[in-house]
Amino acid sequence: MSHATLSSGALSCFDLGEQMLSVEQARTALATLIEAPLGKEKCALAQAHGRRLAEALHAPIDVPQNTNAAMDGIALAWPGQASETESQQTHWPLAGSIFAGDPFIGQVARGACVRITTGAPLPAGTDTVIMREQLQENAEYVVVLQPERVRHGQNVRQSGEDIQQGEVALPAGIRLDAASLGLTASLGIDSVNVWRRPRVAVFSTGNEVTAPGERLPAAGIYDANRFTLTGLLQQQGAEVMDLGILPDDQAQIQAALEDAAAHADLVLTSGGVSVGQADFTRAALESLGQLAFWRVAIRPGRPLACGLLTERRTPLVGLPGNPVAVMVTFLQFVIPLLRRFQGQPASPPDYLYAIADESLPSRAGRTDYLRGVFHSTADGRLHVRSTGAQGSGILSSMVAANCLIELPDSCTGVASGDILKVQPLMPMAGEKTV
């Protein structure tokens, strides 16, 4: 069975043995699991929120289509030369009215005006709009108050000033949010070509693992990781195949995984596959394909597994078992894979820089991800503090956090006032880029 390697010459995930990997090395090697993006499909605009564009969207029309009024008032035909920016004319003869959606027949004579509403196309001859609050009207003419404030061309939206016909309105790879959907609709487009959603199989194993809502045995634990992973996957626009809780039985685990490999694009596990564990899950996985087991210089989340299952070569990623480690490693390693499925580079998470409000411990030789809270101060600078205790089983710390504080493998500690890199846990505007 051959394995893809990165164009840079980086080794595939099966060639790294038991060496300790940096976060970046692990991220790069994991990308070799995805040999090609998923297919493309057409999606109705009403169902396209959160989908990723597979092709650039070109504007079939100018936006706005017509030069139009930016507010209610009068549209006037400038009385002087186009180069003159000011007019002291106070009385403007009325030549009619125009409303949004209605055409105006004929041309407005120089020095005359028409009543107009916001969004209505400017009649031929007119080029300036004065807002209603600056006017006094009667049946035949309009009086302009403070005419010295009027400027030639004011309060007019030019045709195509937002987007011109043929221009790229949205680039390929963008994830469609509410603003993108509105822009697409403004172009008259009712369906878009998007990448297919990745289908990801998730399961929990262990006789001690108990579903929420059931009675907790004396030696049992409630199943948190499967729900955490489901939420993270849904945030990324993936379709989740929930395999539930599998018992400590190699045959049952193997059958479930074989079925998942046949229908999923990616299989995610948490716990039970690191080196040295005599585990039914690991045995079942190894019987179905080829696996690699790594140590990654990261805290939390050092043990990591990856592989390809069955002849379909379905990628598998085995995350650590601790709840916080699951979330941290998902953000660092799984999201880049989901991006690869949809034709995007396996890039690291977006980040900001913030000032440390406290000293923080670290150890050289590994990348630490601390749960943190960042906030802006009155002077406009971004500050960050930790959420407190950083044990990898303290799931409440992830609820309290709005970011991860990244301490690189060269860091031996942080002093208050140091500049730190932070990864926001909520999507940033940068997600709109490709």
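In what follows, the accompanying structure is described. (Residues numbered from 1 in each chain as written. Predicted model: local features only at pLDDT ≥ 70, side-chain atom pairs only at ≥ 80, totals over all residues. Heavy atoms only, no water.)

**Here's the deal with the pairing of strand E22 (residues 314–319)**
Next, step 1: Buried residues dominate E22, accounting for 6 of its 6 residues.
Next, step 2: Burial of the side chains of E22 extends over both faces: Thr314, Leu316 and Gly318 are buried on one face and Pro315, Val317 and Leu319 on the other.
Next, step 3: Here strand E18 (residues 266–270) runs beside E22; their pairing, made up of 4 bridges, is parallel. Each residue of the ladder has a partner; that of Val267, found in E22, is Leu316.
Next, step 4: As paired elements, strand E21 (residues 303–309) and E22 share 5 bridges and run antiparallel to each other. Directly across from Leu309, in E22, lies its bridge partner Thr314.
Next, step 5: The hairpin formed by E21 and E22 contains 4 residues between the paired strands, and Thr310 there has a positive phi angle of roughly 60 degrees. (Buried < 20%, exposed > 50% of the residue type's maximum accessible area, 1.4 Å probe, protein only. Helix = DSSP H or I, 4+ residues; strand = E, 2+ residues; numbered from the N terminus. Pairing = 2+ DSSP bridges.)

**Some details on unusual backbone geometry**
Next, step 1: With an omega of -5 degrees, the peptide bond running from Val63 to Pro64 counts as cis.
Next, step 2: Of note, Pro64 is situated in the loop between strand E3 (57–58) and strand E4 (68–69).
Next, step 3: The amide bond that connects Arg299 to the next residue, Pro300, takes the cis arrangement and shows omega of -5 degrees.
Next, step 4: With respect to the secondary-structure elements, Pro300 resides in the loop between strand E20 (298–299) and E21.
Next, step 5: A positive phi angle is found at Gln146, which is not glycine, with a value near 50 degrees.

**Brief notes about the side chain of Ser397**
Next, step 1: Mapping Ser397 onto the fold places it in helix H7 (residues 396–400).
Next, step 2: The exposure class assigned to Ser397 is buried, which follows from its relative accessible area of 5%.
Next, step 3: Apart from the residues within four sequence positions on either side, Ser397 is in contact with Val324, Arg371, Thr387 and Ala389. (Contact = heavy atoms within 4.5 Å.)

**Digging into the pairing of E21**
Next, step 1: Most of E21 sits inside the fold, with 6 of its 7 residues counted as buried.
Next, step 2: Looking at chain direction, strand E19 (residues 289–296) and E21 are connected through 7 bridges and run antiparallel. Each residue of the ladder has a partner; that of Arg295, found in E21, is Pro303.

**Some words on the environment of Ala139**
Next, step 1: Note on placement: Ala139 falls in the loop between strand E9 (135–137) and strand E10 (141–144).
Next, step 2: According to the relative accessible area criterion, Ala139 is exposed, its value standing at 73%.

**Examining the packing of aromatic side chains**
Next, step 1: Evaluation of the coordinates by the stated rule reveals 1 aromatic pair.
Next, step 2: Over the ring of Phe293 we find Arg282, and its NZ or CZ is 3.9 Å from the ring centre.
Next, step 3: Sitting above the plane of the Tyr351 ring, Lys421 keeps its charged end 4.2 Å from the centroid. (Phe/Tyr/Trp six-rings, centres within 6.5 Å; stacked < 30°, edge-to-face > 60°. Lys NZ or Arg CZ within 6 Å of the ring centre and 35° of its normal.)

**What about the sheet that holds strand E7 (residues 113–116)?**
Next, step 1: Taken in spatial order, the 6 strands line up as E8-E5-E7-E6-E10-E9 in an open sheet, and their pairing is mixed. Edge positions in the sheet fall to strand E8 (128–131) and E9, since each of these pairs with one other strand and no more. In this sheet, adjacent strand axes meet at a mean angle of 40 degrees when their direction is disregarded.
Next, step 2: In this sheet, E10 lies alongside strand E6 (residues 91–98) in antiparallel orientation, the contact comprising 3 bridges. The residue bridging Pro93 from the neighbouring strand is Tyr141, located in E10. (Axes fitted to C-alpha atoms, helices over the stretch in contact; angles between N-to-C directions.)

**Regarding the pattern of salt bridges**
Side chains that differ in sign of charge can pair as their charged atoms come close.
Next, step 1: Applying the stated criterion across every chain yields a total of 12 salt bridges.
Next, step 2: Glu35 is the partner of Arg313 in a salt bridge, and the nearest nitrogen-oxygen pair spans 2.3 Å. Remark: Glu35 occurs in the loop between helix H1 (23–30) and strand E2 (40–44) and Arg313 occurs in the loop between E21 and E22; sequence separation between them is 278 residues.
Next, step 3: Relative accessible area serves as the criterion here: at 19%, Arg313 is assigned to the buried category.
Next, step 4: Between Glu406 and Lys421 there is a salt bridge, with the nearest N and O atoms lying 4.0 Å from each other. Taken as a pair, Glu406 in strand E27 (residues 403–407) and Lys421 in strand E29 (residues 419–424) lie far apart in primary sequence, 15 residues in all.
Next, step 5: We classify Glu406 as buried; its relative accessible area is 16%.
Next, step 6: Salt bridges sharing common partners tie together Asp223, Arg226 and Asp242. (Salt bridge = Lys/Arg side-chain N within 4 Å of Asp/Glu carboxyl O.)

**Topic: the packing of H1 against helix H6 (residues 323–341)**
Next, step 1: Where H1 contacts H6, the axes come no closer than 9 Å and their chain directions differ by 25 degrees. Classified by the angle their axes make, H1 and H6 are roughly parallel. As H1 packs across H6, the resulting crossing turns out to be right-handed. Taking contact as the criterion, the partners of Val23, Ala26, Arg27 and Leu30 in H1 are, on H6, Gln332, Phe333, Pro336 and Leu337.
Next, step 2: Taken together, the residues of the contact of H1 with H6 sort by class into 6 nonpolar, 1 polar and 1 charged. (Parallel < 35°, antiparallel > 145°, perpendicular 65-115°, else oblique. Left-handed = near helix turned anticlockwise from the far one by under 90°. Nonpolar A, V, L, I, M, F, W, Y, C, P; charged D, E, K, R; others polar.)

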